[in-house]
Amino acid sequence: MAAAFSSATTSKETAQVAVRGVSMTFDAVEAIRDVSLEVGRGELVALVGPSGCGKSTLLAAIAGLLQPDEGEIWLDGAPAPDRLGRVALMPQRDALLPWRTVL
């Protein structure tokens, strides 16, 4: 994920979610590099990009499912090294309701 996002109305101290310089590597694969973004209370943000660009990796890091190699993630204006259970993530999967069918 090569793009950095920010909002002119927030800072990491006032943002609901702030990501600063987050990078993550798996084995020799650089999943995300130096990603920064801020999301203020009530803002709607969409992460858009091709498959494999790091969208899910970034969301998993924000949710505390993964830890970044570099950078920091803030929640509610404070550093949040222990994010697990503070942010919800629901990935889109076709197995959410396996007993349901189109018919």
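Predicted model only: the values in this text are computed from it and were never measured.

Caption draft 1: Layout of the pattern of salt bridges. Throughout the structure, instances matching the rule amount to three salt bridges. Two residues, Glu 38 and Arg 20, come together in a salt bridge whose shortest N-O distance is 2.0 Å. Placement of the pair is Glu 38 in strand 2 (residues 29–39) and Arg 20 in strand 1 (residues 17–26), with a sequence separation of 18 residues. Of the residues examined, Glu 38 reaches a relative accessible area of 6% and is grouped as buried. For Arg 20, a relative accessible area of 30% gives the class partly exposed. A salt bridge links Asp 76 to Arg 86; its shortest N-O distance comes to 3.9 Å. One end of the pair, Asp 76, is in the loop between strand 3 (70–75) and strand 4 (78–79); the other, Arg 86, is in the segment after strand 4, with 10 residues separating them in the sequence.

Caption draft 2: Expanded view of the sheet that holds strand 1. Strands sit in the order 2-1-3-4 across an open sheet of four strands; the sheet is antiparallel. Sheet topology places strand 2 and strand 4 at the edges, where each strand pairs with a single neighbour. Direction of pairing for strand 1 relative to strand 2: antiparallel, over a ladder of seven bridges. Following the sheet pairing, Val 19 is matched in strand 2 by Leu 37. Relative to strand 1, helix 1 (residues 55–62) is tilted by about 120°, and along the sheet it contacts strand 1, strand 2 and strand 3.

Caption draft 3: Quick peek at the side chain of Ser 36. Mapped onto the secondary structure, Ser 36 falls in strand 2. Here the side chain of Ser 36 touches Gly 21 through a polar contact of 2.9 Å, landing on its backbone nitrogen.

Caption draft 4: Quick peek at unusual backbone geometry. Positive phi, close to 55°, is recorded for Asp 27, a residue that is not glycine. Tracing the sequence through the fold places Asp 27 in the loop between strand 1 and strand 2. Here Asp 34, not a glycine, exhibits a phi torsion of approximately 50°, which is positive. Summarising the element assignment, Asp 34 is placed in strand 2.

Conventions adopted
Residues numbered from 1 in each chain as written. Predicted model: local features only at pLDDT ≥ 70, side-chain atom pairs only at ≥ 80, totals over all residues. Heavy atoms only, no water. Salt bridge = Lys/Arg side-chain N within 4 Å of Asp/Glu carboxyl O. Helix = DSSP H or I, 4+ residues; strand = E, 2+ residues; numbered from the N terminus. Buried < 20%, exposed > 50% of the residue type's maximum accessible area, 1.4 Å probe, protein only. Pairing = 2+ DSSP bridges. Contact = heavy atoms within 4.5 Å. Axes fitted to C-alpha atoms, helices over the stretch in contact; angles between N-to-C directions. Polar contact = N/O pair within 3.5 Å; in protein donor to acceptor, adjacent residues only side chain to side chain.

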